[in-house]
Structures are given as structure tokens and as C-alpha cells.
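Chain and residue survey
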Amino acid sequence: MRNVELHFLVCSYFLVVSDQRHMYVTFTRRNRERCSRVFFFSSMAGIDGEKKSVLEMVQADGTDEGCVTFVLHEEDHTLGNSLRYMVMKSLDVDFCGYSITHPSESKINFRIQTRGGVPAVEPLRRGLNELSDVCQHVLNTFQRSVSEFRSQQDDVMD
Amino acid sequence: KTGAKMAATMSNVDEIRNRVILGEFDIKNVHTTDYPGNYPGYDDTWNLQKFQKNFRIDVVQMDETSLEFDMVGIDAALANAFRRILLAEVPTMAVEKVLIYNNTSIIQDEILAHRLGLIPIKADPRLFEYRSAGDEEGTEIDTIQLQLKIKCTRNPRATKDSADPRELYLNHMVYSKDMKWAPIGNQADVFADANIGPVHGDILLAQLRPGQELDIVMHCVKGIGQDHAKFSPVATASYRLLPEITLMETVEGEKAERLKRCFSPGVIEVENHGGKVVAKVVNSRLDTCSREVLRHDDLKNAVKLARVRDHFICSGVTSHSKNTDC
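Let me begin by describing the structure that accompanies this report. (Residues numbered from 1 in each chain as written. Chains lettered and ligands numbered in written order. Predicted model: local features only at pLDDT ≥ 70, side-chain atom pairs only at ≥ 80, totals over all residues. Heavy atoms only, no water.)

Concerning the overall build of chain B
When helices and strands are tallied, chain B shows seven helices and 18 strands. Relative to the globule expectation of 20 Å for 326 residues, the C-alpha radius of gyration of chain B, 28 Å, shows a markedly less compact shape. Taken over the C-alpha atoms alone, chain B extends approximately 80 × 60 × 35 Å along its principal axes. Taking all 326 residues of chain B together, 42% fall into the buried category. Summarising the internal contacts of chain B: among those between residues at least 6 apart in sequence, 74% fall at separations of at least 24. When the 41 positive and 47 negative side-chain charges of chain B are each reduced to one mean point, those points stand 4 Å apart. (Helix = DSSP H or I, 4+ residues; strand = E, 2+ residues; numbered from the N terminus. Rg over C-alpha atoms; globule rule 2.2 N^0.38 Å. Buried < 20%, exposed > 50% of the residue type's maximum accessible area, 1.4 Å probe, protein only. Contact = heavy atoms within 4.5 Å. Lys, Arg positive; Asp, Glu negative; His and termini not counted. Charge placed at Lys NZ, Arg CZ, Asp CG, Glu CD.)

Quick look at the nonpolar core
A general trend in soluble globular proteins is that nonpolar side chains are found buried together. If you look at the biggest cluster of nonpolar residues, it comprises 44 residues, and the most contacted ones within it are F70, F110 and I112 of chain A together with M71 and I74 of chain B. Looking at this core, the element that brings in the most residues is helix 2 (residues 121-157) of chain A, giving nine residues. The contacts of M71 of chain B, once residues within four sequence positions are left out, are V138 of chain A together with F55, R56, I57, A79, F82, D310, H311, F312 and C314 of chain B. Core analysis: the next-biggest nonpolar cluster, separate from the first, contains 25 residues, I119, I121, A206 and L214 of chain B among them. (Core = buried A, V, L, I, M, F, W, Y, C linked by side-chain atoms within 4.5 Å.)

Some points on the interface of chain A and chain B
On the side of chain B, 32 residues touch chain A, which itself brings 30 residues to the contact. Summed over both partners, the interface of chain A with chain B comes to about 3000 Å²; 70% of that surface belongs to carbon and sulfur atoms. On the surface where chain A and chain B come into contact, there are two salt bridges. A salt bridge links D76 of chain A to R84 of chain B, with the shortest nitrogen-to-oxygen separation between them at 3.1 Å. For the pair chain A and chain B, the interface holds eight residue pairs in polar contact (both at pLDDT 80 or more). Every element with two or more residues in the side of chain A that touches chain B is listed here: helix 1 (77-88) and helix 2 of chain A. Tallying contributions element by element places helix 2 of chain A first for the side of chain A that touches chain B, with 16 residues. (Buried area = accessible area lost by both parts, 1.4 Å probe. Salt bridge = Lys/Arg side-chain N within 4 Å of Asp/Glu carboxyl O. Polar contact = N/O pair within 3.5 Å; in protein donor to acceptor, adjacent residues only side chain to side chain.)

As for the sheet that holds strand 11 (residues 180-181) of chain B
All names here are of chain B. If you walk across this open sheet you meet the four strands as 5-14-7-11, and the pairing is antiparallel. Bordering the open sheet on either side are strand 5 (92-103) and strand 11, each of which pairs with just one other strand. Looking at chain direction, strand 7 (residues 144-151) and strand 11 are connected through two bridges and run antiparallel. Bridging across to strand 11, L146 finds its partner in W181. Where helix 4 (residues 109-117) meets the sheet, it contacts strand 5, strand 7 and strand 14 (213-223), and its direction lies at approximately 150° from that of strand 5. (Pairing = 2+ DSSP bridges. Axes fitted to C-alpha atoms, helices over the stretch in contact; angles between N-to-C directions.)

Quick notes on the side chain of K230 of chain B
Residue and element names in this part refer to chain B. Residue placement: K230 occurs in the loop between strand 14 and strand 15 (234-247). Accessibility expressed as a relative area gives 14% for K230, which makes it buried. At a separation of 2.9 Å, a polar atom in the side chain of K230 contacts the main-chain carbonyl oxygen of V95. Separated by 3.3 Å, the side chains of K230 and E96 make a polar contact. Sequence-distant contacts of K230, defined by excluding residues within four places in its chain, comprise T92, A94, V95, E96, G117 and L118.

A short note on the side chain of R309 of chain B
Residues and elements named next belong to chain B. Within the secondary structure, R309 sits in strand 18 (residues 303-318). It is D34 that comes nearest to the buried, bridge-free R309 among opposite-charge side chains, at 6.3 Å. Ignoring anything within four residues of it in the chain, the contact list for R309 reads I16, R17, N18, R19, V20, N29, V30, H31, T32 and L241.

Here we look at the packing of aromatic side chains
Residues and elements named next belong to chain B. Per the stated rule, a full pass over the model turns up seven aromatic pairs over all chains. Ring geometry for F128 versus F191: centroids 5.1 Å apart, planes at 15°, classification stacked. Of the two residues, F128 is situated in the loop between strand 6 (121-122) and strand 7 and F191 in the loop between helix 6 (187-190) and strand 12 (197-198); the sequence distance between them amounts to 63 residues. Take F128: its relative accessible area is 3%, and that puts it in the buried class. Through a chain of ring-to-ring contacts, three or more aromatic side chains come together here, namely W46, F51 and F55. Positioned above the aromatic ring of Y42, the side-chain terminus of R17 is 4.0 Å from the ring centre. (Phe/Tyr/Trp six-rings, centres within 6.5 Å; stacked < 30°, edge-to-face > 60°. Lys NZ or Arg CZ within 6 Å of the ring centre and 35° of its normal.)

Quick word on the pattern of salt bridges
Residue and element names in this part refer to chain B. Enumeration according to the criterion identifies 23 salt bridges over all chains in this entry. For E213, the salt bridge identified is with K151, shortest N-O distance 3.8 Å. Separated by 62 residues along the polypeptide, E213 in strand 14 and K151 in strand 7 bring together distant segments of the chain. Overall, the relative accessible area of 22% leaves E213 in the partly exposed class. When its relative accessible area of 39% is taken as the criterion, K151 is described as partly exposed. Residues joined by salt bridges that share partners form a network here, namely E24, D297 and K300.

Some remarks on the packing of helix 1 of chain A against helix 3 (residues 76-88) of chain B
Remark: helix 1 of chain A packs on helix 3 of chain B, axes separated minimally by 9 Å, with the N-to-C direction vectors making an angle of 160°. Considering the angle they form, helix 1 of chain A stands roughly antiparallel to helix 3 of chain B. Note on packing geometry: the crossing formed by helix 1 of chain A with helix 3 of chain B is left-handed. Contact residues: helix 1 of chain A offers H77, T78, N81, S82, Y85 and M86 of chain A, while helix 3 of chain B offers A77, L78, A81, R84 and I85 of chain B. Of the residues belonging to the contact of helix 1 of chain A with helix 3 of chain B, the class tally is six nonpolar, four polar and one charged. (Parallel < 35°, antiparallel > 145°, perpendicular 65-115°, else oblique. Left-handed = near helix turned anticlockwise from the far one by under 90°. Nonpolar A, V, L, I, M, F, W, Y, C, P; charged D, E, K, R; others polar.)

Description of the packing of helix 1 of chain A against helix 2 of chain A
Residue and element names in this part refer to chain A. Where helix 1 meets helix 2, the closest approach of the two axes is 9 Å, and the angle between their N-to-C directions is 110°. The orientation of helix 1 with respect to helix 2, classified from their angle, is roughly perpendicular. Counted together, L79, S82, L83, M86 and V87 of helix 1 and P123, L124, G127, L128, E130, L131 and V134 of helix 2 form the full contact between these two elements. When its residues are assigned to classes, the contact of helix 1 with helix 2 shows nine nonpolar, two polar and one charged.

In C-alpha cells form, the structure reads like this:
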């Protein structure tokens, strides 16, 4: 069992996993995927909260760390498509795609295949950070434009 | 980008990267292809500085209920994510629990409760918390209490033989302005100047006749559109790509007039150049891209219809009367 620590940024409206939370790894078996190693990353919600996993990693046997499918719970096209775009824009990603397993279940399978032996977690983490930066910049630009428009309107009315 | 371009068109590669071409039977270059490695000679890796330099937002029109602005330099995936978030993940306050103490009108309880839930409530959701799961009563930090108590009576002052319900009865139409705010806890002090209640007072809820009455208490909570559409802050949020119309050859005379009629009004103007009338693209933003011009055999080769891939004209209409940034 390997201990891997992931840090996620808080971006409002996206993954609601706050950073620096301690995560623990449990073993379970998934018949569908025929994998030997499945990692569950759960967040401990409060003192006695139930453990709801936000992100799972599924890796097929025999491949390196570069080809991983992440299962993101409680997500849909809103995060899937925008994250796919950000991850595709990075140089060491060979393949990136997402799919919604079934419209009644709110989870997405997000697959990243890297080249050059880079672990797939790297582009994912970078993509999330960059997405959060983009959204912050868009928000700032929007607020600036709105206040400029408002002051323009006030000038016209005076 | 809205001017007429009769000069040389851009190179093929640029066109595939930047324009969505509207053809007669299909639409070409729909998907984003500028990922690193696709085009030799182009560096398409994500660069925040390059994005920040090219990105801009221009607010075109803004008033109490609607907003139209342009986002230039962003990809469709992100623009769509913003649109989805506006519709489904921006919280508002709406009626969730309806406690019906007396309802003798002909509107059934559940129908009336459904109608009450859909009424937009004027309250800033940022000042409230979400209700914790399993909490039935609600506290002052997460609930707004509204009351609707109305009884229909016969109008004693009506003339003997009038048939107009407006004269015969008092309170026979129940409007949303009859919903009154009942502050709980310290809400009366905290929200003293923000008059909490329905945004519009003229929404008809029910009709009554003498002897029928409604005695209802409503609890409003904070929620998001994903849970129920009543929590969606926008009536709708949509975007479209900026159209671009390029004239490939000079169009003059009677053909120019026909060309003008193929587009939405204001897109193509006909000008007089030395005795001949010539068509000129004035404002392609107004076009609705109906591709009508491609139905005319003699005009379809004169025009190239395209959309600019990273220029989004976004518009949103809200029913909640606050147009702050979402």
C-alpha cells in the first residue's frame, strides 16, 4: 500500500475539496476494471461524517503511472469539459478525455495518458491549478468591465 | 472584425484555427484544434500571460434585469462551463416548505405550493447559509419566513346588478405582493433596510370567491439550480459566436439589393459608388446566421459566412433584479 498525498486547490464552484486535508488509502476490489490496485481517496468530513469519496484513481495492471483514469464524483460536463481543455493544453499529455458513465449517476471518468513517463497526476494537478487561475482572471476582468461600464453610464447621465 | 474584407482571405491554417465555417449543407471546423503538437510552428501550450493579454470582456448593455457582454479570447469549453454554472450552481433563495394552515380555495394544496416555490424572492443569498441536512425547523441564519393570509369577501358597496368580479368581491385575486415577510430571530435588525419579499408583486397565485381563504406560512431556503430549477437565478443564460461575413467579390446593382435582403436588417448596406450601387458589410454582429444567402445560386459564391471561434456574445436575463457578478 502506497501513501500518496494530493493537494487540491479550492476553486469556488469546482472541486469542493479543501487543501491540506489528510487523506487515507483503503483497499477495495472493482470487478469491472480488472485492476489490481485501486486507490480510494476520501475526505474525512467532520468528526463523525460519512466518508464520501470525491476522487478515485483507477489504474490497469502492468502499465506505468502515466495512464490513469480518475473517477470524479458529483461532477458533470461543467468541470469535465473545461478540465479536459486545460489538460490537453499541456505538452506532456498524449491523450485526455472524459465521459459520463450514465446520466443518472453524477460521476465522470477522466482519463489522462502522458508521454515521457510523467505520472498522470502531474498534468491533472497542473490543469486544476491553471483552471482556477483562469477563472480568477476572468472574474477580475469581468468585475473591472462592469464597474467601468457603470461609471461610463453615470458619466452619461450627469 | 466587423468591417468588409474584400482583400485576401487569411491563410487556410489560420482559418481552421480561428473560424467556424458555415457551409451550405454542413458546418466546418467546429472543434477546437489548437492543442500543442497539432500544428507545426505554432506554440499552443497553455500560457497564462498570453491568455491574459488576449482576453477581454466588453459589457455591451446592462440594466436591472438583463446583461449582454462580449468575451473575447476564451475557448468554448470554458465559456460553456460559465454558462452551466450560471444556470445550475449560483445559489438563490426560494420557497421550499409551505405550511398550509387553511386553504379553502379551488387551487389544490400541492399546485399552490408548486406555484409559490417558483416565485423569485428578493434576498441576497450570500447573507444566508445553506440549511444543514436533517434540520426540519430552520434557524434565522438559513431561513426566511413569509406569510400569506388572505380572505375573500363580498363587497358591500357593489351596485345591485354588476357582473364584474372586480366590483363584486374584495381580495378575489391573490397576488405575490400579498406575501409578507415575517422576520425570525434577529432578522428584523439585520435586514431592516433590505425589504425581503417577492421580486415582482403582480404574479397571480390564486383566485378566490367569497368565503374562501388562504392561511399559509412559507420557509425559504438557499439552494442551487441543480437541485430544483426554482433556485436558478437566471431566466436564461446563453451565448453565441460572433458572425463574420466576408464578401468574396463585388456585388452591385440589383444583386446587391437582394443580398441585403438575405441578411438580418442592418448587416449589409447598399452604397452608391460613382453611380453604381454596391453592397458593403456594415455590422455582422446583428446577423442571426440563417444562411439564407446560400439558397440563391448566384449569390452563394459571393459571400463567405463564418463565425469567430473565440469571440462569445453572452447574454443573460435574470428575474431576481440584481445584476451583480455571478
